[in-house]
Every structure is written in C-alpha cells, then in structure tokens.
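# Commentary on secondary and tertiary structure
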Amino acid sequence: MHWSDKVAEEIIKRRPDKEEYVCAAGISPSGSIHIGNFRDVATSLFVVKALERKGKKAKLLFSWDEYDRIRKIPVNVAKVNDDMEKYIGVPYADAPNPFGTEEKTYAEVFEKEFEASMKRFGIKMDYRHQAEMYKSGKYQEYVIEALKKRGEIFDILDSFRTQDAQEGEREAYYPISIYCPECGRDTTKIKSLSDDCTVAEYTCKCGHEGKFDFTKDHHCKLAWKIDWPMRWKYEEVDFEPGGKDHASPGGSYDTSKVMAKKIFDYDAPYFQGYEFIGIKGATGKMSGSTGLNLTPETLLHIYQPEVILWLYSRCEPTKAFDFCFDDGILRQYFEFDKQYAAYMDGTADEHTKEIMENCLIEGRTIKTVPMGHLVQLGSIVNFNEKMLETVFEKIGTPYKEEDFRDRLDLAKYWLENCSPENVNRLREVRNWDHYNTLDDQAKESISMLHKYLADSEYSLDDLNKELYEIPKRIYGYDRADLKALQGAFFKNVYTLLLGKEKGPRLYLFLFAIEKDSFLRLLDFSTPETAEEAEAIEREKHPVEVAEEEEIVYGDPDPVAPVKEEIELESFQKVDMRVCKILKCTEIRKSHSCYKLTLFDGTDERVIVSSIKKYYKPEDLIGKKIIVIANLKPTRITGVTSNGMLVAATNNACGCKVIFVDDMVPEGTPIA
C-alpha cells in the first residue's frame, strides 16, 4: 500500500463522517519557492488523491504566510534593489515589489511565480492569503482568546524549553505582534492590556506610541506556534506535513499540538514529517541565475512535470531523494518510462499503480521516447526535429516529432546547460594528431572500418557484429586481451569522430547518421591539408575571448522618407521565408560576422551576418528568422553567403534580428 493511502486511512478513522477533508500546506513567500518546500505541497496533494481514491471528498488548502515579518533580504533581491533592508520587520505582503515588475508587493512577486508553475503540474489548490485573513478580522475572536489565555500559552511554551523562565517573564508575555502604523514594522512592545483583553497600549522602536483595539484594529499577528494551531481550528485541517525540523521531538508540531487542544479545543491534524531534497551533480549554467535556490519552474527546464511528481510519489516522505543534474536524470527517466508503460498496459502491480496515479496530469499523455536517445542522437543532428525523425526511422524506432517534441527541448536544455561535456558534435576535420599516435595495427583497424562503412550495405545488427569483429581480424581471435583491444578500438573511433573517448553507442551512432557526414573523418588515405592543419592549430590554441564591448545606444535615427513606389510584381520576386538557425559559428579573423547554418524548409543553407556585436551563439541557435533566400550568393570574409537575414537597425537599438514565433514551420513564405 502506498504511504499516502495509509495516511488517508488514519485520517478517515479519526473523523469517519466528515463531509470534506482538508489537507493543508503553507509557505512563506520570502523568495522563490525551493524544490524542498514543494515537498510540502506534493505530500498533501498525494494524501488528497488517496482520500479521493477511497471515495471521500477532499481539498488541498494552501496558505501563503505572507503576513510573516521579513527577517532578511535574499542575495538576489539585494542585488536588484539595495534599499530593501529598511523593510526588515515589515510583512511580506506590505513591502514593495523590489524588481519593478507589475506585481504590487514583495509577496505577490513570488506568489505569482509559484502559482504559475503549479498550473503546469495540474495542481488545483484553495489558496489562503494570510494578510487578507488577518486584516479582514477573520481571526479576531482567536486573537482575543489567545490574549486571554496568554498565561496558559506561556506555560505550554515554557514546558518545551530547556531553560527556566526568568522572574516576571510570564507576566510580560504576549502571544501577538502589533505592526506599527507609523513604520510598518513589528518592532512594538505591549506595555499594558485591558482587563477584557481587547485594548493594548504599546510603544515602537521608531518612537511611536499608541493604543490598539483588537475588536477594530487587525494589523497584528499571532506568534508562529499559536498562529499555526489557530488556523488548524479555523480551517478544520485534517492533515498537514512539515519539514524534519518541525517534526523533531519538542519541535513546532509537538508544541502546536498541545496548543491546539488546550487553547483552541481542537485535535491537531495528522502530521507527516518529511526529509529534505538533495541535488546531485552540478547545475552548470542554471546556477548562474537561480543559484542553489532551485524552484519547480527551474526543474521544469529539464524534467517533465509528471516525472517530478513521480520522484516525490515513489519515495516515502521520511526518505530523501535527489534531483539529478548529472546523467542520473537519464536513469530516472528510464525508470519512470518503465513504470508508466506497465501502468498503461495494465501489468503494473498495485503499488506502482498508486505511485503513477499520484503523478499523472489530467489531459496529458506521456510519449516515452527514451531520453537517452534524445540526448545522444539529438546533439548529433543539432536537435533538428525532421532529421531526428529520420534517425529514429533508420534504427527501427519510428518516433515522430509529435512523440518527442515535449522531451526534446528538455534534453537539449539539460545537455547544453548541465552536461555540456556530453554534447556530441562531429569534428570539423580529420584528427591527425590522434591518428599519428596509433600503431600500424590500430591504423589498419580504422582503414578496415572505413572500407566496410563506405562499401557495404548493412543492417543495425550487421554493423554491431562488425565493430567487434574488426579487432579480432587484426589481432587474432584467441587473444587473451581481446576485450581490452576492442575497447581501445572503440575509443579510437570515438576520438577520431568526436574528439573524445566516449559517445553514443557506436553501432547505433554510425547507423543512425548519414555516412557522408562522418566517413571523411575515418579516411586517412590522403595527406593532411593546409585547412586541416590550420583547424587543428585553432583547436590547440583557441582564440581568447575578448572582454565584451559595451554597446552604447543613442538617439533614434531620423525617420527616412518612404522609398519610391514599386509594383507588386517586383515585391513578389523577393523570396522571403522562415528559416531555423541550426548552427552559429565564429569566422576566423572576423570581428563582426557569424556563419549561420540554417534549415529553410527543404535544405540547409549558410549565410553570413554581421550581428556578432549584438548576439551570442546561444542566443541564436534554435531560433527562427526571416531570410531573403533568393539573393545572389556572395563571398563575405571568406565564406559564401546564400541569403540575408532580416533585421532592424537603428542608432537607438543597434541591430535587432526579427525573430519568428516557433510554431511557424520552416520554409513558410513571408508575403
């Protein structure tokens, strides 16, 4: 039985006749919500689903603890706005938006960010904004009740402390913080309280003094260990999880459990503590913008939402697990696909069914195209969808673009941002440096492979057998070290093709991609050319990247008058079409131009464009642009350019390429 079903049974046993069960979660919007905090939501979500599987009505209640005071300013916020320190002590919901975006408050920035990602998971939650709940007076009676029982509350808190209370501490204790109407902070101190506990006299560190009528004024907040059980009572919460710090003996839950019963006459909800989440592998470029504060939205760059939920669902809350930024992610996808396939074909056991039912999203069907194939083969064809379709067809797995579209972008993002060392790109020229280190037998094995690939028709199985057979013919069938020699042969082939000793499964790789793209790299029958020597020299001594030149923009150029009229026929002679940028490479000795390899809907073409000052290659690869395709070819910086991209140029903005929406197919005419 899945852990969430066991919890659901306990909840029902406690209150068997309840009409609707409430499973709660809550987070303070102090910054972007971390994947560890997301376990709060996932744990309650799975219990809701377990209750529903048992025929019960249940809802997921989510509290934004935005009425908490700001304790410190996160580094990423301080970098954007160094004036936020003055809001320490102010509620998150009352502090201004530090980023200058459309959100009105500090809290709203991070709330909207998180709520948008929840929609991608298909998670529906009943949101509670605690600033609104307090300010509207919904908690008024509980606030006054807590003030009346402040002595009992102190005794409960004191019973969990290891140090003895100081003389007079109990009498001076108040379970509430008043937010000062002058400075907005909670730096107030109650001096006295009326006999009916409705009016307090207070002072603030800012110098303000005043009276606070709890029957009319609501800009105050109960302390955490009183606020939490108060809300259990108000919302009639049946289940709520918490991190292992809250779950520890004598921690927040133990204290609040006693508080709920003795102060608010409510049995605390079933509580489930959970372990923290780990991160395995370097986050690479991803950490540049988000640091280690990895959010659900960040994870959605490399994980499908169902796979994220599956990782939480298959692991008991008390056990830790890792999100993998190394190649462990490929194993996770493989295991998910295996369980998903069993679930879909009806062969899954009961436990697997329960795991999968927790993570599937209504209206979505997963296409389990192997993530390993998309990573290994995708980079070889520069993640070109049509070319990848052809590759899959050749290796006997005829996946179509609509099958792998969702995962291909994830594979590309992971490979380029988290694991760039695993990108597979064919070398530009023959690797003479490595070839010259080989002995005669190793060279003969390469020559034999080249001849076989060039002259033979073969199946995938034939090729696989041949790759193991070649070293046997060269070194002998009875060599004791044959496996090592076969391994060395494979490493040599990889090094000659990719410039590294490992790569995709060799037989799959050689069978999948077009021979014309790599045969030249295995053919050493002709001498090294000057171009090859130059290319190899560039590899050994790459040009140092110059410090980026700051672009200075000026006033807009004067608007030019409309040019002389032309006939429609003249315009129709211009073939403007949508092209996708497959590659963007620098041109040696050119300070301003890129060589762009495009797919124009029917074939690849190369154009040269002087946009290097304004764009980096990663800004362009994969984007769709407009190209004048029938422009007469011309040589620019030693490269033949077959067309010209369309861009806007102005002193006020520099050169801005006109990008096209990704849904527009390559080859679409611009008319």
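Residues numbered from 1 in each chain as written. Predicted model: local features only at pLDDT ≥ 70, side-chain atom pairs only at ≥ 80, totals over all residues. Heavy atoms only, no water.

## Notes on the overall build of the chain
Counting its regular elements, the chain contains 26 helices and 22 strands. In summary, the chain has a C-alpha radius of gyration of 33 Å against a globular reference of 26 Å for 671 residues, an excess of more than 25%. Seen through its principal axes, the chain has C-alpha atoms that stretch 100 × 75 × 50 Å. When burial is assessed residue by residue, the chain has 47% of its 671 residues classed as buried. Look at the contacts in the chain between residues 6 or more apart in sequence, and 68% of them connect residues 24 or more apart. In the structure as shown, the chain presents an accessible area of about 34800 Å², 49% of it carried by carbon and sulfur atoms. (Helix = DSSP H or I, 4+ residues; strand = E, 2+ residues; numbered from the N terminus. Rg over C-alpha atoms; globule rule 2.2 N^0.38 Å. Buried < 20%, exposed > 50% of the residue type's maximum accessible area, 1.4 Å probe, protein only. Contact = heavy atoms within 4.5 Å. Areas by Shrake-Rupley, 256 points an atom, 1.4 Å probe, with all protein chains shown as cover.)

## Details of the nonpolar core
When a protein is soluble and globular, its nonpolar side chains tend to lie buried together. Ranked by internal contacts, the top residues of the largest apolar core, which has 115 residues, are Phe38 and Tyr303. If one sorts the elements of this core by residue count, helix H2 (residues 35–53) sits on top with 10 residues. One finds Ile190, Leu193, Cys197 and Ala200 within the second-largest nonpolar core, a separate group that totals 33 residues. (Core = buried A, V, L, I, M, F, W, Y, C linked by side-chain atoms within 4.5 Å.)

## Structural notes on the side chain of histidine 2
Along the polypeptide, histidine 2 turns up in the segment before helix H1 (3–14). Judged by its relative accessible area of 0%, histidine 2 is buried. Of note is the side chain of histidine 2, whose polar atom sits 2.7 Å from the backbone oxygen of serine 313. Once residues within four sequence positions are removed from consideration, histidine 2 is found in contact with Ser313, His351, Glu354, Ile355 and Asn358. (Polar contact = N/O pair within 3.5 Å; in protein donor to acceptor, adjacent residues only side chain to side chain.)

## Comments concerning helix H21 (residues 460–475)
The end-to-end C-alpha distance of H21 is 24 Å, a good match for the 22 Å that 16 residues give at a rise of 1.5 Å each. Remark: the principal bend of H21, roughly 30°, maps to tyrosine 468, with a proline, proline 471, within the next four residues. Within the span of H21, buried status applies to Leu460, Leu463, Glu466, Leu467, Ile470, Pro471, Ile474 and Tyr475. Here the buried face of H21 lies against helix H20 (440–455), helix H22 (482–498) and helix H23 (506–512). Directly after H21, the chain includes glycine 476, whose backbone phi takes a positive value near 105°. (Expected span 1.5 Å × (residues − 1). Bend = angle between axes of the 7 residues up to and from the residue.)

## A word on empty space enclosed by the protein
For the structure on display, the rule yields 3 cavities of 30 Å³ or more. Approximately 80 Å³ is the volume attributed to the largest cavity. Along the walls of the largest cavity sit 13 residues, with Ala24, Leu61, Ser63, Arg231 and Glu240 positioned nearest its centre. At the level of secondary structure, the elements contributing two or more residues to the lining of the largest cavity comprise strand S1 (20–27), strand S2 (57–64) and helix H8 (224–235). In terms of residue count, H8 provides more of the lining of the largest cavity than any other element does, 4 residues in total. Within the lining of the largest cavity, the residues separate by chemical class into 7 nonpolar, 3 polar and 3 charged. (1 Å grid on protein atoms, 1.4 Å probe; cavity = no way out; pocket = protein on both sides within 12 Å on 5 of 7 lines; lining within 4 Å. Points joined across faces, edges and corners; volume = space filled by probe spheres on them. Nonpolar A, V, L, I, M, F, W, Y, C, P; charged D, E, K, R; others polar.)

## A short note on the confidence of the model for the chain
Scored by pLDDT, the chain comes out at a mean of 91, with 97% of its residues at no less than 70. Helix H11 (residues 286–290) is the least confidently modelled element of the chain, averaging 36 in pLDDT, while S2 averages 98, the highest of any element. Here residues 284–292 is a poorly scored stretch, pLDDT under 50, and it has 14 contacts once near neighbours within four places are set aside; other chains count. (pLDDT = per-residue confidence, 0-100.)

## A few points about the side chain of arginine 39
For arginine 39, the location among the structural elements is in helix H2. Buried charge without a partner: arginine 39 forms no salt bridge, and the closest opposite charge is glutamate 275, 6.3 Å away. Ignoring anything within four residues of it in the chain, the contact list for arginine 39 reads Tyr274, Glu275, Phe276, Ile277, Tyr312, Cys315, Glu316, Pro317, Lys319, Ala320 and Phe321. (Lys, Arg positive; Asp, Glu negative; His and termini not counted. Salt bridge = Lys/Arg side-chain N within 4 Å of Asp/Glu carboxyl O.)

## A look at the sheet that holds strand S5 (residues 188–193)
On the basis of which strands lie adjacent, the open sheet formed by 3 strands has the order S5-S6-S7 and antiparallel pairing. Of all the strands in the sheet, the pair left with one neighbour each is S5 and strand S7 (209–213). In this sheet, adjacent strand axes meet at a mean angle of 35° when their direction is disregarded. In this structure, strand S6 (residues 199–204) lies alongside S7, joined through 5 bridges in antiparallel fashion. Residue glutamate 201 lies in a different strand from S7, and its bridge partner there is lysine 211. (Pairing = 2+ DSSP bridges. Axes fitted to C-alpha atoms, helices over the stretch in contact; angles between N-to-C directions.)

## Describing the pairing of S1
Here is the key point about a regular strand: its side chains alternate between the two faces of the sheet. With 6 of 8 residues buried, S1 lies mostly within the body of the structure. Following the chain from S1 across H2 to the adjacent parallel S2, one finds a crossover that is right-handed. (Right-handed = clockwise from strand over helix to strand, strands pointing away.)

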